[in-house]
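# Geometric and topological summary
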Amino acid sequence: MSTLRRSWRLLGIAGGLMGAAALSHFASAQQPAPNFGMPQVHDPGVRGGSPGAGGPLAGLGAAELAFFTAAANRFQEIDSVSGTISGENGVGLGPRFNSNGCGSCHQQPAVGGTSPAVNPQIAVAKLDGAHNTIPPFIHPHGPVREARFVRNPNGTADGGVHDLFVITGRSDASGCHIQQPDFAAELAAHNVIFRIPTPLFGLGLVEGVSDLGLENALADNSFLKQQLGIAGQFNHSGNDGSITRFGWKAQNKSVLMFAGEAYNVEQGVTNELFPNEREPDPSCQFNGTPEDTTNLTNTFNSGSPASDYASDIVNFAAFARLSAAPAPVSPLSPVAMHGQQVFSNIGCQACHALQLTTAKSAYTGQSNVTFSPLSDFALHDMGFGLADNVSQGGANGQQFRSAPLWGVGQRIFFLHDGRTTDLVEAIRDHASAGSEANAVINNFEMLAPADKQALLVYLRSL
Amino acid sequence: MGWLLRTCACAGLIVVAAWHQGSASEPMPRPDGGVVANGIYANAYFGLRYAVPAGFRPGLAGPAPSQSGYYVLATLVPAKEFTGTILIAAQDLFFAAVPDDAMATARAMADAMARLPGMAIDRPPEPVTLAGHAFGRLDFSGVGLFRSTFVTAIRCHLVSFNLTANSRAGRAALVASLDGLVDAHVAGAPRAEPVCVKNRAGADELVRKVDPPARHPAFTKIPVRIVIGADGNVKDVHVIRASDEQRGVIERALGQWKFKPPAIDGHAAEIETGLTIEFRAGGTVAYSGGGR
């Protein structure tokens, strides 16, 4: 049976998943031209059913499970300026912020995930009397976004996060009068790029892979990469030179560092890793710093003393570290299994590597665990089409970490800036001048429609 | 002491000036300097000319050379219906843990491809000669894509032609197009390029070394190829991948290096070799030989 005929039979098994493609898919494709006249493919859409994520790692001990449960609750804490507003008991919001709780942005398909369908930033902008203007790139059904400016006013490189909102006007921020940045002007000057939240599930496994394990995995499929124009390199800590692996540019060393930075940058809560306010206006400083500290007395009584005495950021990190990897559909359908073969054959797995293994772990049952993040956690040149012109550590403006694809079946928004909800468009956006993915996308374009569709079914099974 | 320092500094300036003059007047070809013009892909560094198949055009530009010395030299795609692609690539053997023999590479590729579920090896690795070069050839296919890789070693690089089509006939046509590959070197004439030699930039070969000042980002391995003239002076510094700031300081510093006059088989020779530079925390600089 020819490949094409076999593929069509598989498509039949899929139950007619294929539908008419929106022409907009092709309008966004930069190159190459699709096979006009052939039936086209479509993103099956966000997979329904149970989240398949959000629970603890299998095999943890009782104390670790208690820590995870308590940490998950702390993760959902909502912050106000001084913790004095009912239902917003967390301390330290602002003076500038993007949202008021970790769980507000890390929500899809479960707490700890990524941007939800309804953008919580719309509501938080006006909460408690705040009178923020909604920036033009924030939409009720768009992705949660942070904004970074590419350049400073003097033309030097910026790259830092400029929070969307201020506490000015809030009932708990009397006397604070700082203003939001003029995002409309910055947009007009093409000086704003966006990032959406990355899911936190399974990050303890990622943290548990040794540097050598990552380097070996990168080298392991070098012959596949060499035929596809792909190389890759790791980002490194400027402090100790070890591999960094968290964030869109793999700029963060650990989940604790990730949590500490996000708490300060996204919510404005100073903490033991980032103890100083980013906004200097003294009229907007309402608390002693750091606002999040190790607790010297137990006021939580959660059932996990470790959680109770630990700071918020240690709890946030514990929640991420002890959370299980997203579970794919099991068993995969025949079409999805074929799609997995397409995924490996055309070269997706050259970067979205299939398997990694943890080293010896301090956590119960987490040593020598093989898992499938579908990422090599290396940086790759992604071309002008995806470039954000922001450098972080050793990553330049065109480089991004291979986004881990575990759980992608239940994500709504794709790519670092959440520019699309369409997997087909996300795949095609990997191709542009200067991208390491060009040959793989060329392979995708040459596939028979049924094989393309099987790939999409596989991805939505993850 | 002050006189000595002034003299050394002055001598250094003269060397830098001389090096810059040399490189400005006769820029050396670089691996990624190939271009497509008038239906020919020509690469002066590797001395290759390839007649682009009829109906093909240059595709999207590839990424910048990698930290491991990997280059996408050219991508060729059909001007109309998208039925096949050609990717010409090179891997600098000074900076990657790969076999330095074409057939060994083809065999390793075959092993890697055979491990992919559903991938079939259509034609086991075999030696072929194209344009006077010994290539290893591998054909494989899966999910309706038919692929061939031809790989050969030139100037301590593995140069590969990676052909992909969505039909067997399409692949056969792309394979046939390699008959249009020629070595630009004139038969009988002496080769002008330097001899490539691994690990010849080490301390035991150095007469004078000037450290580049540290530049961001730290802990990033920077692959560098240098051409050492028969007199031991550095004639060319090719910083393969680095930030702009790093590139500038490395070019200036290494241009002042001087080596013992290199010799091959007892005869003075111009050579090219590689080394890896890494800026560490605290502004220190680490070198490694570029060997594997």
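Notes on the structure in this doc start here. (Residues numbered from 1 in each chain as written. Chains lettered and ligands numbered in written order. Predicted model: local features only at pLDDT ≥ 70, side-chain atom pairs only at ≥ 80, totals over all residues. Heavy atoms only, no water.)

## Brief notes about the interface of chain B and chain A
On the chain A side, the residues contacting the 50 residues of chain B number 47 residues. A buried area of about 3600 Å², summed over both sides, lies between chain B and chain A, and 59% of it is on carbon and sulfur atoms. Looking at the side of chain B facing chain A, the largest losses of area belong to B:Leu60, B:Phe82 and B:Val143, adding up to 21% of the total buried there. Summed over the shared surface of chain B and chain A, the number is one salt bridge. Scanning the region where chain B abuts chain A turns up 10 residue pairs in polar contact (both at pLDDT 80 or more). Going through the elements one at a time, β5 (70-78), β6 (84-92), α2 (102-114), β8 (133-142), β9 (145-154) and β10 (157-165) of chain B are the ones with two or more residues in the side of chain B that touches chain A. Here the side of chain B that touches chain A takes five residues from α2(B), the largest share from any one element. Its residues placed into classes, the side of chain B that touches chain A shows 26 nonpolar, 19 polar and five charged. (Contact = heavy atoms within 4.5 Å. Buried area = accessible area lost by both parts, 1.4 Å probe. Salt bridge = Lys/Arg side-chain N within 4 Å of Asp/Glu carboxyl O. Polar contact = N/O pair within 3.5 Å; in protein donor to acceptor, adjacent residues only side chain to side chain. Helix = DSSP H or I, 4+ residues; strand = E, 2+ residues; numbered from the N terminus. Nonpolar A, V, L, I, M, F, W, Y, C, P; charged D, E, K, R; others polar.)

## Re empty space enclosed by the protein
All names here are of chain A. For the structure shown, the criterion picks out 14 cavities of 30 Å³ or more. Residue lining of the largest cavity: 45 residues in total, with His352, Ala403, Leu405, Leu415 and His430 positioned closest to the centre. At the level of elements, β12 (399-401), α15 (423-428), α16 (438-446) and α17 (449-461) are the ones that each hand at least two residues to the lining of the largest cavity. Each residue belonging to the lining of the largest cavity can be placed in one class, and the counts come to 34 nonpolar, nine polar and two charged. Volume-wise, the second largest cavity comes out at about 540 Å³. Every residue lining the second largest cavity is counted, 34 residues in all, and those nearest its centre are His106, Pro197, Phe258, Ala262 and Glu266. With nine residues, the top contributor of residues to the lining of the second largest cavity is helix α10 (residues 255-267). When its residues are assigned to classes, the lining of the second largest cavity shows 18 nonpolar, 10 polar and six charged. (1 Å grid on protein atoms, 1.4 Å probe; cavity = no way out; pocket = protein on both sides within 12 Å on 5 of 7 lines; lining within 4 Å. Points joined across faces, edges and corners; volume = space filled by probe spheres on them.)

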